[in-house]
Amino acid sequence: MATEAQMKVSDEVAVQITKMNKWYGAFHVLRDIDLTVYRGERIVIAGPSGSGKSTLIRCINALEEHQKGSITVDGTILSNDLKNIDKVRSEVGMVFQHFNLFPHLTILENCTLAPIWVRKTPKKEAEEIAMHFLTKVKIPEQADKFPGQLSGGQQQRVAIARSLCMRPRIMLFDEPTSALDPEMISEVLDTMIQLAEEGMTMLCVTHEMGFARKVANRVIFMDQGQIVEQNDPEEFFNNPQSERTKLFLSQILGH
Amino acid sequence: MPHDQISFVRKHMLPEAPPPATETGAVKWLRENLFSSPANTLLTLVSIFVVFNIASASAPWFLNGVWDSPSIAACREILDGRVGGCFAVLSERWNQLLFGFKYPVELYWRPGLAFVLLFVAGAPVLFGKIFPRKMLFFTGLYPFIAYWLIWGGSIMVPIFALLGVVVGAVVYSRVVTISAGVAVIAGFVAALIFWIASGYISRPMADVMALQAVPSRDMGGFMINLMLGVVCVSLSLPLGILLALGRQSRMPIIKWICVVFIEFIRGVPLITLLFVANVVLAYFLPPNVTFDLILRVIIMITMFSSAYIAEVIRGGLAALPRGQYEAANSLGLDYAQSMQLIILPQALKISIPGIVNVAVGLFKDTTLVSVISMFDIVGMIRGPILASMEWKGVYWELFGFACILFFITCYGISQYSQWLERQLRTDHR
């Protein structure tokens, strides 16, 4: 599948990150990040905890501010202008480790809220879109329940559907399966694989190396706020170059 | 261990079974709650003894109570040495206790009607799921209708006041896309300018559809407590929300205005603020400007309780996980939208017990206005009624009545808030 996927990737740039740096106070979290994401690419970002991988994708929709360098998303340069930031955010979907569904709204309302208020979609149409995507993640029958009544895997699939309702051109996944019971991981990964097959541009921070092998057309390894190595999954897993990558892979694939 | 002892394969799954049937009913309840242990039994018996004594001592006072008598002296004659309450003071002076001693008797229907309409106006706000949303239109008009009914005068005054609010809202909605904080201030300033300007226009129209005017100094009784309570609670909630949000603002000026306001108001006793409203404020106003006393008191109590409510809501905001803010942001909602749709509904739900606490406290604190010579229900009891020849020394009956009125209201608020919390519970723990 990896080769077929590689063929699909276009020359159109979705995200362009140049010499991007970020500090938390005096702590240098991200150092000179250069990354170009092409439309339709599926990138998996791996690395030890604290390596800055979550921070990196959170910079792409400006949940975190960067202090130096530039990020361009779909041709829009991320600056302090709130209008630009809101525009980018409405084009970039994000799925969080802890789902972050809105507990006071039903599943359907979770999905229709942003289309109605940000895109000004009529309520009826928004509900049709929402039901379409809820069907796609295989939980249309839960539409009238509240998030607290669903299992973790179901909640995460709702979170994916909620993002998709905004018709994003790029999806960011921040450790989407890390808070799930083992039995529920696969249902979320299946949804993500389905999304990848439809050609969605995806950046996933994940420890699911099986997913990376199967779906990604590029794996990025980060350590200490830097990109240490990137390659296609075949090469990355079978023939890692840097010592740090080798150590990491031996630790997570060791047993 | 032989192999056949640890090997086990379940052939069929167990179905769900009902819990074991235990004895139920009153006997079980009595045994579990009143006589579960020797110590508990002893406490039960002691409690029964105490309750019996209190009841048998106070029962004659209620049962022998005199409801029809012109004065305390006549009351004592009727009782003829027996123990008994002189409730005649309530049946004789009920109108003073409720409306004060100067409100024209033939106009009692006006505040009475305003009181009844209050329930119509409050229903869609308090019970949003039951009453149609269209009723909110009446809720919006209610403050102006109620003002016109209670104070009387030309209808132009409340109409211009309403138009001022509309002007403010229009300005707010124009500016809110630029900055929510600036929009609030701009809307307020626009409304203020409109009100000052309209003051000159409405003066010549003083006779247009005029009801008989009743000045503020003629108001009194429980009516004042209710008016202050309702107005101040409904004003201080939105103001408290704004202050709580302002305190979290990234704009340093807005943040510091809110912090200084909250900390200053919380550091000062309400009673001093009321004295300021009564006496000191006059020194700061131009000599010709008369500023209605009730309005001054409303401003002070509202400021006071909004500072407290702001802190309660800040607690609610702090209790929300950061993920909620991030999820709202990541969907492209702007600040005003994410606050209105995501953050505040949840933060306010968490804050309900605290807000109700402040609201109940505020309502009871309205009796403090008796200290600045306003004749609310406590002012009426301590002043005109107890000072009169007829009813000198009738303490228990009068203050007991005031207690009952306040208790009914406050207990109602408390019950409502608990019902609301149950309604809003979506986590199904």
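How each quantity is defined
Residues numbered from 1 in each chain as written. Chains lettered and ligands numbered in written order. Predicted model: local features only at pLDDT ≥ 70, side-chain atom pairs only at ≥ 80, totals over all residues. Heavy atoms only, no water. Contact = heavy atoms within 4.5 Å. Buried area = accessible area lost by both parts, 1.4 Å probe. Salt bridge = Lys/Arg side-chain N within 4 Å of Asp/Glu carboxyl O. Domains from an automatic or database assignment. Polar contact = N/O pair within 3.5 Å; in protein donor to acceptor, adjacent residues only side chain to side chain. Nonpolar A, V, L, I, M, F, W, Y, C, P; charged D, E, K, R; others polar. pLDDT = per-residue confidence, 0-100. Helix = DSSP H or I, 4+ residues; strand = E, 2+ residues; numbered from the N terminus. Disulfide = S-S within 2.5 Å. Buried < 20%, exposed > 50% of the residue type's maximum accessible area, 1.4 Å probe, protein only.

A. Main features of the interface of chain B and chain A. Taken residue by residue, the interface counts 22 residues in chain B and 27 residues in chain A. In total, about 2000 Å² of surface goes out of reach between chain B and chain A, with carbon and sulfur atoms giving 60% of it. Broken down residue by residue, the surface that chain B buries against chain A is led by S330, L331 and T426 of chain B, which jointly contribute 29%. For the pair chain B and chain A, the interface holds two salt bridges. A salt bridge links E64 of chain A to R322 of chain B, with the shortest nitrogen-to-oxygen separation between them at 3.9 Å.

B. Highlighting the domain arrangement of chain B. All names here are of chain B. Split into domains, chain B comes out as domain 1 (154-210) and domain 2 (219-429). Centre-to-centre, using C-alpha coordinates, domain 1 lies 24 Å away from domain 2. Facing five residues of domain 1, the contacting portion of domain 2 comprises five residues. Summed over both sides, the interface of domain 1 with domain 2 buries roughly 320 Å², with 92% coming from carbon and sulfur. Among the residues domain 1 hides against domain 2, the three largest losses belong to A180, G181 and V184. Together they make up 58% of the total. Applying the counting criterion to the domain 1 and domain 2 interface returns zero salt bridges. Here domain 1 and domain 2 share zero residue pairs in polar contact (both at pLDDT 80 or more) between them. A breakdown of the residues in the side of domain 1 that touches domain 2 according to their chemical character gives three nonpolar, two polar and no charged.

C. Summary view of the confidence of the model for chain A. Averaged over chain A, the pLDDT score is 89; the fraction of residues at 70 or greater is 96%. Of the regions scoring below 50 in pLDDT, residues 1-7 of chain A engages in six contacts with residues more than four places distant in sequence or in other chains.

D. Quick look at unusual backbone geometry. All names here are of chain A. The backbone phi angle of F99 is positive, close to 65 degrees, even though this residue is not glycine. Tracing the backbone shows F99 in the loop between β6 (92-95) and α4 (107-117). With a phi angle near 70 degrees, K138 is a residue other than glycine that sits in the positive phi range. Locating K138 in the fold gives a position in the loop between α5 (123-136) and α6 (152-164).

E. Here's a closer look at the state of the cysteines. Residues and elements named next belong to chain B. Across all of its chains, the model carries one disulfide over all chains by this definition. Shown here is the disulfide that connects C75 with C86, its sulfur atoms set 2.1 Å apart. Taking the sign of the S-S torsion, about 120 degrees here, the bridge from C75 to C86 comes out right-handed. Of the two residues, C75 is situated in helix α4 (residues 72-79) and C86 in the loop between α4 and α5 (88-99); the sequence distance between them amounts to 11 residues. By the burial criterion, C75 is buried, and C86 matches it.

F. Summary view of the environment of P104 of chain B. Residues and elements named next belong to chain B. Secondary-structure assignment places P104 in the loop between α5 and α6 (109-126). Sequence spacing of P104 and K392 is 288 residues, and the spatial spacing of their C-alpha atoms is 24 Å. Those residues in contact with P104, other than ones at most four positions away along the chain, are Q212 and V214.

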